[in-house]
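# Residue-level structure breakdown
If you want the building blocks of each chain, they are given just below.
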Amino acid sequence: MRVTLIGRPGCHLCDTARETIERVSADLGVGWQEHSIDDDPQLREAWAEQIPVTLVDGRQHDYWRVDETRLRAALAAPPAVR
């Protein structure tokens, strides 16, 4: 999975981010996953003030809003080596 969305249920910004990530990931054939800060105290502590947070290859890419053009550009690059 190259893209991770960190959010929470009922978050309207998370819903919008999810739609963008779903569309871009489907277009590019890239896997993505979603985690809720409500299910993980460490995620809540790290990201509660910035959700939704988008990670690409495990690194923070965006928060609050997902810029589709920026996400497409990041996914066009080869996966980052960790």
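Note that the coordinates shown come from a computational prediction; the quantities given were computed from them, not determined experimentally.

## Here we look at the overall build of the protein
If you tally the helices and strands in the protein, you get 3 helices and 4 strands. Traced from its N-terminal end to its C-terminal end, the protein shows the element sequence β-α-β-α-β-β-α. What you see for the protein is a C-alpha radius of gyration of 12 Å, in line with the 12 Å of a compact globule of 82 residues. Expressed along its principal axes, the backbone C-alpha trace of the protein runs to roughly 30 × 30 × 15 Å. Of the roughly 5,000 Å² of accessible surface on the protein, a fraction of 49% belongs to carbon and sulfur atoms. Computed over 10 positive and 14 negative side-chain charges, the inter-centroid distance for the protein is 4 Å.

## Describing the sheet that holds strand 4 (residues 59-63)
Hydrogen bonds along the backbone pair up the strands of a sheet, which may run parallel or antiparallel. Here we have 4 strands laid out as an open sheet, ordered 2-1-3-4, and mixed in their pairing. Every other strand in the sheet has two partners, leaving strand 2 (32-36) and strand 4 as the edge strands with one partner each. For this sheet the average axis-to-axis angle between neighbouring strands, irrespective of direction, equals 25°. Of the pairings in the sheet, the one linking strand 1 (residues 3-7) to strand 2 comprises 5 bridges and is parallel in character.

## Digging into the packing of helix 1 (residues 12-28) against helix 3 (residues 68-76)
Here helix 1 crosses helix 3 at 35°, and the two axes come no closer than 10 Å. In the crossing of helix 1 with helix 3, the sense of the turn from one axis to the other is right-handed. Facing Thr 20, Ile 21, Arg 23, Val 24, Asp 27 and Leu 28 of helix 1, the residues of helix 3 in contact are Glu 68, Leu 71, Arg 72 and Leu 75. Of the residues in the contact of helix 1 with helix 3, the class split is 5 nonpolar, 1 polar and 4 charged.

## Observations regarding helix 1
The end-to-end C-alpha distance of helix 1, which contains 17 residues, comes to 25 Å, matching closely the 24 Å that a straight helix rising 1.5 Å per residue would cover. Every buried residue of helix 1 is listed here: Leu 13, Cys 14, Ala 17, Arg 18, Thr 20, Ile 21, Val 24 and Ser 25. Following helix 1 by one or two positions, Gly 29 has its phi on the positive side, about 65°.

## Regarding the environment of His 61
Along the chain, His 61 falls in strand 4. As a C-alpha pair, His 61 and Val 3 span 58 residues in sequence and 9.3 Å in three-dimensional space.

Cut-offs and rules
Residues numbered from 1 in each chain as written. Predicted model: local features only at pLDDT ≥ 70, side-chain atom pairs only at ≥ 80, totals over all residues. Heavy atoms only, no water. Helix = DSSP H or I, 4+ residues; strand = E, 2+ residues; numbered from the N terminus. Rg over C-alpha atoms; globule rule 2.2 N^0.38 Å. Areas by Shrake-Rupley, 256 points an atom, 1.4 Å probe, with all protein chains shown as cover. Lys, Arg positive; Asp, Glu negative; His and termini not counted. Charge placed at Lys NZ, Arg CZ, Asp CG, Glu CD. Pairing = 2+ DSSP bridges. Axes fitted to C-alpha atoms, helices over the stretch in contact; angles between N-to-C directions. Left-handed = near helix turned anticlockwise from the far one by under 90°. Contact = heavy atoms within 4.5 Å. Nonpolar A, V, L, I, M, F, W, Y, C, P; charged D, E, K, R; others polar. Expected span 1.5 Å × (residues − 1). Buried < 20%, exposed > 50% of the residue type's maximum accessible area, 1.4 Å probe, protein only.

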